[in-house]
Amino acid sequence: MSRWEYIARRLLMAVVVLISVSIITFLIARVVPSDPAAAWVGPRPTQEQIAQAARQLGLDRPLYEQYLRYMRDILTGNFGVSIRTHQPILRDLRVFLPATLELVLAGMLMAVLIGIPLGVLSGAGKGSLLDHLTRLVSIAGVSMPTFWLGLLLQLFFFSRLGLLPLSGRLSTEISLTSPVVPITGMYTLDALVAGNWVAFKDALWHLILPAFTLATYPIGLTIRMTRSTMIEVLQEKYILAARAAGIPERTVLFVLALKNAITPTLTVLGLSFVYSLTGAILVEVIFAWPGLGSYVTDAVLSVDFPVIVSVTLVVTVFYVFINLFLDLAQAAIDPRVTLQ
Amino acid sequence: MTEPLLSVEDLYIRFKTYAGTVHAVNGMSFHIHPGEIFGLVGESGCGKSVTGLAVLGMVPYPGEVIAGRILFHGENLLQKNRREMEQIRGGRIAMIFQDPSASLNPVFTVGSQISRIIRHHRRVDRHEARALALAGFEAVGLPDPARIFRAYPHELSGGMQQRVMIAMALASGAELLIADEPTTALDVTIQAQILALLNDLRAAQGVSILLITHDLGVVAETCDRVGVAYAGSIVETGPTAQVLYQMKHPYTRGLLEALPRPSHRGKALQSIPGSVPSGLDLPSGCPFWPRCPEVMDICREQKPLPTRLDEVGHRVACHLYSREGQR
Ligand SMILES: Nc1ncnc2c1ncn2[C@@H]1O[C@H](COP(=O)(O)OP(=O)(O)OP(=O)(O)O)[C@@H](O)[C@H]1O
Ligand SMILES: [Mg+2]
């Protein structure tokens, strides 16, 4: 099967997955015993107000009709209106999704830049001092409670050293004096594209602590995963042969061995990425980062089902594409992998 | 007599393991002349591979060279630093291994692997490296070099893979090729072709070869001189004809009698009684005495030194021929 044929088939599968997920979420959201119409109207509503709201929201219609109408709207770019805030969901997503993406991408980048080299080196020096140190680091990273680590980092880098800002995405002065014109909604990227250096630096400084807090877990996973596959790969004859051919150790480890060892690490990173899209809520709360996690948590607590369904669909889209990307990457890395 | 290209002198290698100290190589000595094929032969575990790796400064952890010299062009390789060894490895001394399919990195094309080696050792750009690689493929008799260059290892047959390994080993102009059981994993016809190729390369490029094998048939076919190793040292060495047809050491005789031969058809195969001593506790004296049919008292006490038997360099380390043993 050619690569394009494979991609086309996978995309078709993706549509099926998305439809199934939307049906399931939709049903769950509607079955939860609660009254969205009452929530829509506000505190102490009258019966007429509730009935009117239900009609307005289409809640008096049969379930399948509600679903079809909802899907039609989504396909035309209308994600509906939040029951809790009465805001169009699309407008909310345009704010929260890029904020989360910026945070999570920065966290994943840290996991790659810190976790992979440490994993490679500790795999190469199994039992060395570095190996023992990275074991401690990864255990700490995986087991330390996020909120506690976040608070510690704030205490140290903001209160004690005054190096980094406490929370938020941009300082108030900067947003007044050199505002970021939204393009992608990721401030660092937008400021960079616009050449707005002042804002870029400010946004980056705001990003460091929350991204690092988020990254500690994937860093730990990445170190351990890379280490164990490296240990296996370094036993291989072709590594011995490469060394016998005089290839410098740095190249042997970071090119010849790593390319053989990277696939499981990529999978771990991909799954962490998707998980963090809504799983970063603690980081978002501690650092006042307006992201998808807090958004969907609020929606869940108030049974705001249009928001729940929309966010679930967005996350599912990411999940499907990341998996497709991982499969393609694996095939690109290892020619023995066949796409089917 | 010309100066040897490589001479291994009184080499000792041990492994410190949890089970105890393994004496893998115990006073190994041999030399190889330019353009010569020298066979290092012996049973499994007698220290052949470890010796080959030691020449490249690659004794695996937890092994270490504890005594001896390895002279290449008269310079002791054991005193070179890491940088210098990275130049010598693959550049002047190359090594190929038993299983060619496992020796090639599965996720890189053959071309990228050979180019990387060439470019590490010679200052050439990508195109020149490719040209050198294609010429190397041609020299080892690979058809359609351009296709091989683009191929991934799993797309080639075992024989082609071993030819690729040889091309890689020689592409940077190595003077010495260490071939550790290069044909053991291949089937018999391919095996003969690879041995013929090694012979041709020696003739065409003047490369010297240290051929490590446990197969006396391979030695008879290809080697100019041979060293028979037992428990980490050479017990008998000399020109192939002398060692194989006028063998003196009881161990060499035992090895030859263990070979299946047409003239012995119908008779049971002889094998040497007893088993190879583990490097963990070597017997005192001659390491072979517990299995030797002609053991004498002195053998249990004193390790025999090599005795020169004739003018062509046939030597044997056995008290049957030593001065001490004659007394
Ligand atoms: N990593 C290691 N740890 C401990 N001992 C080792 C190690 N590598 C080799 N040895 C010991 O060194 C001795 C020689 O091993 P070597 O691999 O050189 O044998 P060989 O002659 O090449 O045998 P074979 O024909 O099986 O390849 C063996 O007895 C083995 O126990
Ligand atoms: Mg061996």
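These numbers come from a predicted model, not from an experiment. (Residues numbered from 1 in each chain as written. Chains lettered and ligands numbered in written order. Predicted model: local features only at pLDDT ≥ 70, side-chain atom pairs only at ≥ 80, totals over all residues. Heavy atoms only, no water.)

A.B. asks: I'd like a description of the interface of chain B and chain A, backed by residues and values.
C.D. replies: Contacts between chain B and chain A engage 23 residues on the former and 20 residues on the latter. Each partner contributes to the roughly 1,900 Å² buried at the junction of chain B and chain A, and carbon and sulfur atoms together form 70% of this total. Applying the counting criterion to the chain B and chain A interface returns zero salt bridges. Viewed at the interface, chain A and chain B are joined by eight residue pairs in polar contact (both at pLDDT 80 or more). Those elements giving two or more residues to the side of chain B that touches chain A turn out to be strand 6 (93-96), helix 3 (100-103) and helix 4 (110-121) of chain B. Class assignment for the residues of the side of chain B that touches chain A results in 14 nonpolar, six polar and three charged. (Contact = heavy atoms within 4.5 Å. Buried area = accessible area lost by both parts, 1.4 Å probe. Salt bridge = Lys/Arg side-chain N within 4 Å of Asp/Glu carboxyl O. Polar contact = N/O pair within 3.5 Å; in protein donor to acceptor, adjacent residues only side chain to side chain. Helix = DSSP H or I, 4+ residues; strand = E, 2+ residues; numbered from the N terminus. Nonpolar A, V, L, I, M, F, W, Y, C, P; charged D, E, K, R; others polar.)

A.B. asks: Which residues make up the site of ligand 1, and what values do they have?
C.D. replies: Residues and elements named next belong to chain B. Near ligand 1 lie 14 residues; those nearest to it are Ser-44, Gly-45, Lys-48, Ser-49 and Val-50. Between ligand 1 and the protein, one listed contact pairs an oxygen atom with a backbone N or O atom of Gly-45 at 2.8 Å. One of the backbone N or O atoms of Cys-46 is found 3.2 Å from an oxygen atom in ligand 1. Protein contacts shield 67% of the accessible area of ligand 1, which totals 630 Å² for the unbound molecule. Elements represented by at least two residues in the shell around ligand 1 include exactly strand 1 (6-17) and helix 1 (48-55). The leading source of residues in the shell around ligand 1 is helix 1, at three residues. (Near = heavy atom within 4 Å. Areas by Shrake-Rupley, 256 points an atom, 1.4 Å probe, with all protein chains shown as cover.)

A.B. asks: Let's hear about the domain arrangement of chain A: which residues, and what values?
C.D. replies: Residues and elements named next belong to chain A. Here chain A is partitioned into domain 1 (1-84 + 304-340) and domain 2 (98-301). Once you take the C-alpha centre of each, domain 1 and domain 2 turn out to be 29 Å apart. At the junction of the two partners, domain 1 supplies 13 residues and domain 2 supplies 18 residues. Summed over the shared surface of domain 1 and domain 2, the result is one salt bridge. For Asp-298, the salt bridge goes to Arg-84, with nearest N and O atoms at 4.0 Å. In this assembly, domain 1 and domain 2 are joined by one residue pair in polar contact (both at pLDDT 80 or more). Its residues placed into classes, the side of domain 1 that touches domain 2 shows 10 nonpolar, one polar and two charged. (Domains from an automatic or database assignment.)

A.B. asks: Mind laying out the state of the cysteines, listing which residues take part and the relevant values?
C.D. replies: Applying the stated criterion to the full structure yields zero disulfides over all chains. With no disulfide partner, B:Cys292 has as its closest neighbouring cysteine sulfur the one in B:Cys318, 6.1 Å distant. (Disulfide = S-S within 2.5 Å.)

A.B. asks: Break down the pairing of strand 7 (residues 176-180) of chain B for me, with residues and values.
C.D. replies: Successive residues of a regular strand alternate their side chains across the two faces of the sheet. Residues and elements named next belong to chain B. Of all five residues that make up strand 7, five are buried, and the element is covered over most of its length. Every second residue of strand 7 is oriented toward a common face, with Leu-176, Ile-178 and Asp-180 on one face and Leu-177 and Ala-179 on the other, all of them buried. In this structure, strand 6 lies alongside strand 7, joined through four bridges in parallel fashion. Its bridge partner lying in strand 7, Ile-96 is registered against Ala-179. (Buried < 20%, exposed > 50% of the residue type's maximum accessible area, 1.4 Å probe, protein only. Pairing = 2+ DSSP bridges.)

A.B. asks: Residues and numbers for the nonpolar core, please.
C.D. replies: Within soluble globular proteins, side chains that are nonpolar tend to cluster in buried spots. Residues B:Phe30 and B:Phe137 are the most contacted members of the largest nonpolar core, which totals 116 residues. Here this core gets eight residues from one element, more than from any other, and that element is helix 7 (residues 158-170) of chain B. In terms of nonpolar packing, the next biggest core, distinct from the first, is built from 59 residues, A:Tyr70, A:Met71, A:Ala99 and A:Val104 among them. (Core = buried A, V, L, I, M, F, W, Y, C linked by side-chain atoms within 4.5 Å.)

A.B. asks: Quick rundown of the sheet that holds strand 9 (residues 225-230) of chain B? Include the residues and the values.
C.D. replies: Residue and element names in this part refer to chain B. Read across the sheet, eight strands follow the order 6-7-8-3-9-10-12-11 without closing on themselves; strand pairing throughout is mixed. Edge positions in the open sheet fall to strand 6 and strand 11 (307-308), since each of these has one partner strand only. When strand 9 meets strand 10 (residues 233-239), the two strands line up antiparallel, connected through six bridges. Across the sheet, the residue bridging to Ala-229 is Ile-234, located in strand 10. Helix 11 (residues 250-257) contacts strand 9 and strand 10 of the sheet and is inclined by roughly 100° relative to strand 9. (Axes fitted to C-alpha atoms, helices over the stretch in contact; angles between N-to-C directions.)

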